[in-house]
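# Descriptive structure summary
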Amino acid sequence: VDTGAERYEISSAGEEEQKVTHSAGDAGVMGVPPCGADAASVRQLCGLAVEPSTLYAGFRSIGLEYGPDFQPLERIALNQAAGVATAILTRRTRLAGTKVHPADLDGALQLSTLLVRSNTGELRLPFMVGEAALLAASGRLVAAAEREESDRMGVRLSTMGKDAPAMAKLSGLDRKS
């Protein structure tokens with residue numbers, strides 16, 4: 001259910017420059033959690049454990065340093081062939097005035113890097129999101145990442161528990177170097 005949909009635009013312009021639109025889309029209030037496989041189903045597909053310290057060391061090696069508050073991934077499991085990964089996130093007690101803490105959503109994005117097929121060793125950051133759905137996501141969370149097509153990804157945050165709906169979801173996530 002989408003009520004009160006509105007258009008948004010993010011743009012910039014210098015004193016004598018023309019306006020440049022960086023992002024535009026429709027925004028609205030969502031009444032139900034976003035669809036997607038529940039975290040328990042994704043966890044069953046994943047068999048290979050990945051040590052979070054190894055993932056963060058890899059980020060450091062390409063020049064991306066995450067401070068302790070932005071390293072939420074605790075237990076990571078991966079199935080590269082199936083194109084899915086999951087992680088339990090550090091329990092957060094404060095949301096910093098948000099419905100979904102930025103570090104938790106960033107943790108889901110960090111997780112998705114394990115699924116990128118082209119490993120060039122270069123830094124590839126998200127530059128496009130096809131669809132975003134965010135509800136309140138707090139407590140003990142599980143992140144799931146799934147390869148959608150080529151190197152496009154989808155990520156979800158869910159609360160712990162069987163059949164827990166996704167509380168935050170980004171789909172059509174594309175990366176650019």
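Figured I'd write up the structure that's included with this text.

Conventions adopted
- Residues numbered from 1 in each chain as written.
- Predicted model: local features only at pLDDT ≥ 70, side-chain atom pairs only at ≥ 80, totals over all residues.
- Heavy atoms only, no water.
- Helix = DSSP H or I, 4+ residues; strand = E, 2+ residues; numbered from the N terminus.
- Areas by Shrake-Rupley, 256 points an atom, 1.4 Å probe, with all protein chains shown as cover.
- Core = buried A, V, L, I, M, F, W, Y, C linked by side-chain atoms within 4.5 Å.
- Buried < 20%, exposed > 50% of the residue type's maximum accessible area, 1.4 Å probe, protein only.
- Contact = heavy atoms within 4.5 Å.
- Pairing = 2+ DSSP bridges.
- Salt bridge = Lys/Arg side-chain N within 4 Å of Asp/Glu carboxyl O.

### Some details on the overall build of the protein chain
The helix and strand inventory of the protein chain stands at 3 helices and 10 strands. Its helices and strands in sequence order give the protein chain the pattern β-β-α-β-α-β-β-α-β-β-β-β-β, from N to C terminus. Element-wise, carbon and sulfur atoms account for 51% of the exposed surface of the protein chain, whose accessible area totals about 10,200 Å².

### A closer look at the nonpolar core
Generally speaking, a soluble globular protein has its nonpolar side chains buried in company with each other. In this structure, Leu73, Ile76, Leu111, Leu114 and Leu157 are the most contacted members of the largest nonpolar core, which totals 28 residues. Secondary structure elements with two or more residues in this core: helix H2 (52-61), strand E4 (73-79), strand E5 (84-89), helix H3 (102-112), strand E8 (141-149), strand E9 (152-159) and strand E10 (166-176). At 4 residues, the largest contribution of residues to this core is made by H3. Once you skip the residues sitting within four places of it in the chain, Leu111 turns out to touch Leu73, Ile76, Ala85, Thr86, Ala87, Ala143, Ala144 and Ala145.

### Things to note about the environment of Leu134
Structurally, the position occupied by Leu134 is in strand E7 (residues 131-134). Given a relative accessible area of 48%, Leu134 falls into the partly exposed group. A sequence separation of 34 residues divides Leu134 from Ala168, and the C-alpha atoms of the two residues are 4.3 Å apart. When neighbours within four sequence positions are excluded, Leu134 is seen to be in contact with Val100, Leu105, Met167, Ala168 and Lys169.

### Comments concerning the environment of Arg94
Topologically, Arg94 is positioned in the loop between E5 and H3. The spatial distance from the C-alpha of Arg94 to the C-alpha of Gly139 is 9.4 Å, given a sequence separation of 45 residues.

### What to know about the pairing of E8
Looking at chain direction, E5 and E8 are connected through 5 bridges and run antiparallel. The partner of Val84 across the bridge, within E8, is Glu146.

### Regarding the pattern of salt bridges
Considering all chains together, one arrives at 4 salt bridges under this definition. Taking the shortest distance from any N to any O, the salt bridge between Glu74 and Arg140 comes out at 2.9 Å. Here Arg140 lies in the loop between E7 and E8 and Glu74 lies in strand E4, a separation of 66 residues in the sequence. Under the relative-accessibility criterion, Glu74 is labelled partly exposed at 33%. Look at Arg140 and you get partly exposed, because its relative accessible area is 26%. Between Glu146 and Arg156 there is a salt bridge, with the nearest N and O atoms lying 3.6 Å from each other. With Glu146 in strand E8 and Arg156 in strand E9, this residue pair connects regions lying 10 residues apart in the sequence. Look at Glu146 and you get partly exposed, because its relative accessible area is 34%.

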